[in-house]
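# Coordinates in review
Each chain is listed here by its residues.
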Amino acid sequence: MEENLDPSIAALLANITPSDPDDGNSSSDDVIGGIGVKESNFEQMIMEQSAPQKKSGPVPEVDLSIKEFKPIEKVFENESQHYFDDPTYYKTAIAGEGQNSNRLHMVLSKYLSCKDIKDKMVYRQQVTMAYWELVHSMAPKTAGKNFPLPKRMMLRFSVLLPSLFRPEHREFFEKSILENNTNEPVFYMDEWFKYISQGRIKPSTTDEVRQPKKKGEEGAAQEQARLRQLQSKNSGKLQQSENALTMAENQRGMLEAELRSKVDQICEHENLIGMEPHRQPYNDLQKKLFGDITSTLRMLSKNDRELSLALKEFQAAKGAYDAVEEKLAEGPEVTSASSADIDQEYETVRQMAKMTCGRQGNQFPIFTRDFFHCLPQGTGFRENVIKVLAWVESLDPGAFCRIHKNVPNRIVPFVILLPTYGDRGFCWEPFDRYNRVTSRGRIVVPMYPRDLKVAVLTAVADLRWQVAKEKASYYWMEEGLTGQYYEWIDKQKLKGDLKQYFIQDYILWMTKESEGVQRLDKEVRGIFWRNMPFPQELKEDLRKRSLVYDELCKKDMNRAMSDGY
């Protein structure tokens, strides 16, 4: 058979074949899928385990005081870590999953050695099914202390066979940073399953109704889950009330400093020349301060009422939060999600992977040089994605802000990095339905797209649309960003998916209009300018380039002058 194989396939099969010499007596029953792996060796391979790996950093909590992404100091390690040099990498990656390991090994063997195009398509589909079944069995084990590194790399980058790398690809993959040192909620697939399994992140919301558990079955865990849900809701109220209290205290400090400065000016009197130690009476400037001080005192009185109200709300929110915290402490410690939750999350992640590719996209799940065409800076490593998110926020400061009681809260969503050949990201959840104030949303970004910046922009645009739509609620076709955009689409009599039109226009807004290249309709540009404004510095730069932007800046000034009338 090897005489008919393509040289690259033959080399690949040589890398898969174990180093144990064949005794020459093996029958066809001893060979799995045409690859020279003895059945006894494969059973032994199933049981192999690697050394324990270091724990990843904790899941970052929402911190409303953080206003921007920290600069990424480095995207890659200085030296290659040689993750894929282990000769037993493939064995360890596929081992320990029972029939799922055997099934994937067999169909992958047939796929790689097949020459007929039609048969290869059939085997390719079988590889996809078998691979995801293997992922299904691995997902609950990611929380274990001894989860092997090859399995983690398989889930993270879909690297099952290191021989499918090109040398230049292998080099920068081996320099990738394993741990999350950024303190940002951006996770690879293995980390996502790990935190879901540990119960540190809630499972993603789906439209399917979960079956209620039987009485007496995991009752304590069910009660703890209910309390954690209530705690999440109270956490949002606590953070929001504390934020309001802090703002009131800061305003009081500014007013008191202003009052102290004015009183100090009033209390300063110069000597009467020749009549010492007598001093001058109040001058005109000091007399004018009397009225200013009275105004400041009125503002302080108003601030005190607001501060008192904020303090009461904070105390109430803290009391409710502490009460739930005490009940959680009294109950049994639940350190993992239920098997049903993990199974549901696996189905959700698989659906996410399909959505990044689309119906007509390449859904092959294994990393191969035939399909990977990204440059190092265009591959969806965590650090690269954070750099793109920081660029997005630099042009659209409100991209990750949610307004509550006229206060913008910057809340970066969970970002799930999936090792797929898709080209579009999307928003799975705009926020937690039980905590709309301070909970993180969830966006998905494919790691191997044709253009990483566009893939991230589609996800952020989807998040923008869904948050604006939820904010407008029943009036989303009439009010706010979604209402204005819907009215324009309706006037143009355009057919199709409204959100997809918005996403395409948002990409033009961020990539072209931000550079002064006019690609949007005049009315759409005005809608985006008002609802998703660029930073003031960029606005001033754009108005110098074109009268179109100068006119928009003048309208901004007119609105500011007429504000309140």
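Heads up: these notes are all about the structure in this document. (Residues numbered from 1 in each chain as written. Predicted model: local features only at pLDDT ≥ 70, side-chain atom pairs only at ≥ 80, totals over all residues. Heavy atoms only, no water.)

### Section: the overall build of the chain
Stated formally: In DSSP terms, a helix is any run of H or I states spanning at least four residues, a strand is any run of E spanning at least two, and both are numbered starting from the N terminus. Burial here depends on accessible area, computed with a 1.4 Å probe over protein chains only, as a share of the maximum for the residue type. Under 20% is buried, over 50% is exposed, and the range in between is partly exposed. In this analysis, two residues are considered to be in contact whenever any of their non-hydrogen atoms come within 4.5 Å of each other. Accessibility throughout is a Shrake-Rupley quantity obtained with a 1.4 Å probe, and a residue counts as covered only by protein chains that appear here.
In terms of helices and strands, the chain carries 18 helices and 6 strands. By the burial criterion, 45% of the 565 residues in the chain qualify as buried. Across the chain, every contact between residues at least 6 apart in sequence was considered, and the portion connecting residues at least 24 apart equals 76%. Entry remark: accessible area of the chain is about 30,800 Å², with carbon and sulfur atoms responsible for 51%.

### What about the packing of aromatic side chains?
Condition: Between the rings of Phe, Tyr and Trp (Trp by its six-membered ring), a pair exists once the centres lie within 6.5 Å; its type follows the angle of the planes, with under 30 degrees stacked, over 60 edge-to-face, and the other angles tilted.
In this structure the tally under the stated criterion is 46 aromatic pairs. A centroid spacing of 5.4 Å and a plane angle of 80° characterise the contact between Phe76 and Phe381, whose relative ring orientation is edge-to-face. Taken together, the residues span a long stretch of sequence, with Phe76 in the loop between helix H2 (39-47) and helix H3 (89-94) and Phe381 in the loop between helix H11 (339-357) and helix H12 (382-395) at a distance of 305 residues. We classify Phe381 as buried; its relative accessible area is 1%.

### Some remarks on the packing of helix H13 (residues 452-472) against helix H14 (residues 480-492)
Applied cut-off: The convention used is that axes are lines fitted to C-alpha atoms, helices contributing only their stretch in contact, and that angles between N-to-C directions extend from 0 to 180 degrees. Oblique is the label for every angle not falling under 35 degrees (roughly parallel), over 145 degrees (roughly antiparallel), or within 65 to 115 degrees (roughly perpendicular). For this classification, the nonpolar set comprises Ala, Val, Leu, Ile, Met, Phe, Trp, Tyr, Cys and Pro, the charged set comprises Asp, Glu, Lys and Arg, and every other residue, Gly included, is treated as polar.
Packing of H13 against H14 leaves a shortest axis separation of 7 Å and a crossing angle of 100°. With respect to H14, the element H13 is oriented roughly perpendicular. Contacts between H13 and H14 involve Trp465, Ala468, Lys469 and Ala472 from the former and Leu481, Thr482 and Tyr485 from the latter. Across the contact of H13 with H14, the residue classes break down as 5 nonpolar, 1 polar and 1 charged.

### Structural notes on the pattern of salt bridges
Keep this limit in mind: Salt bridges are identified by distance alone: a Lys or Arg side-chain nitrogen within 4 Å of an Asp or Glu carboxyl oxygen.
Within the structure shown, the criterion is met by 28 salt bridges. We note a salt bridge from Asp550 to Arg543, for which the minimum N-O separation is 2.8 Å. In the salt-bridge network here, residues are joined through shared partners; they are Arg152, Arg156, Asp190, Glu191 and Arg382.

### As for helix H17 (residues 536-543)
To keep things clear, this is the line we draw: The arc in question is formed by the directions pointing from the helix axis toward the C-beta atoms.
By the burial criterion, the buried members of H17 are Leu538, Lys539 and Leu542. All buried residues of H17 lie within an arc of 105° about the axis, which places them on one face of the element. Where H17 is buried, its residues contact H12, helix H16 (522-531) and helix H18 (547-561).

### Comments concerning the environment of Arg450
Tracing the backbone shows Arg450 in the loop between strand S6 (442-446) and H13. With 71 residues separating them along the chain, Arg450 and Thr379 place their C-alpha atoms 9.0 Å apart.

### Some details on a negative patch on the surface
How we decide: The patch calculation keeps residues exceeding 30% relative accessible area without a salt bridge and links them within 9 Å when they carry like charges or within 5 Å when they are nonpolar (Val, Leu, Ile, Met, Phe, Trp, Tyr). Counted as positive: Lys and Arg. Counted as negative: Asp and Glu. His and the chain ends are not counted at all. Lys charges are placed at NZ, Arg charges at CZ, Asp charges at CG and Glu charges at CD.
Residues Glu478, Glu479, Glu487 and Asp490 make up a contiguous surface patch of negative charge. Its location among the elements puts Glu487 in helix H14.

### What about H14?
Rules: In this scheme, a helix's expected span is set at 1.5 Å multiplied by one less than its residue total.
For H14, built from 13 residues, the straight-helix expectation of 18 Å at 1.5 Å per residue is met to within 8% by its first-to-last C-alpha distance of 19 Å. Along H14, the residues that are buried comprise Leu481, Thr482, Gly483, Tyr485, Trp488 and Ile489. Buried residues belonging to H14 abut H13, helix H15 (498-511) and H16. Of the residues trailing H14, Lys493 is marked for its positive phi of about 60°.

### Description of the sheet that holds strand S5 (residues 426-429)
The pairing of strands in a sheet happens through backbone hydrogen bonds and is either parallel or antiparallel. This is how the line gets drawn: Strands are treated as partners if at least two bridges between them are detected by DSSP.
Pairing is mixed across the open sheet formed by 4 strands, whose spatial order is S1-S4-S6-S5. Where the open sheet ends on each side, the last strands, each with one partner, are strand S1 (186-188) and S5. Across the sheet, the axes of successive neighbouring strands diverge by a mean angle of 30°, strand direction being ignored. For S1 and strand S4 (residues 414-418), the ladder comprises 3 bridges, and the chain directions are parallel. When the sheet's bridge partners are listed, Tyr188 is paired in S4 with Leu417. Seen against the sheet, H11 touches S4, S5 and S6 and runs at an angle of roughly 160° to S5.

### Here's the deal with the pairing of strand S2 (residues 401-404)
Here S2 runs beside strand S3 (residues 407-410); their pairing, made up of 4 bridges, is antiparallel. By the bridge assignment for S3, Arg402 is matched with Asn409. Where S2 hands over to S3, the hairpin turn is made up of 2 residues, of which Lys405 adopts a positive phi near 55°.

### Re the nonpolar core
Rules: To define a nonpolar core, start from buried Ala, Val, Leu, Ile, Met, Phe, Trp, Tyr and Cys residues and group those joined through side-chain atoms within 4.5 Å.
Of all hydrophobic cores here, the largest spans 112 residues; its most connected members are Phe173, Tyr506 and Phe528. Broken down by element, this core gets its largest block of residues, 11 residues, from H13. When residues no more than four places from it in sequence are discounted, the contact partners of Phe173 are Tyr83, Phe84, Phe157, Phe165, Phe367, Phe372, Thr379, Phe381 and Tyr448. Residues Ala248, Leu307, Phe314 and Ala317 belong to the second largest nonpolar core, which totals 7 residues.

### Examining the packing of helix H6 (residues 149-157) against helix H8 (residues 189-197)
Where H6 meets H8, the axes come as close as 6 Å, and the angle between the chain directions of the two elements is 105°. It follows that H6 is roughly perpendicular to H8 by the angle criterion. For the pair H6 and H8, contact is made by Arg152, Leu155 and Arg156 and by Met189, Asp190, Glu191 and Lys194, respectively. Partitioned by chemical class, the residues of the contact of H6 with H8 number 2 nonpolar, no polar and 5 charged.

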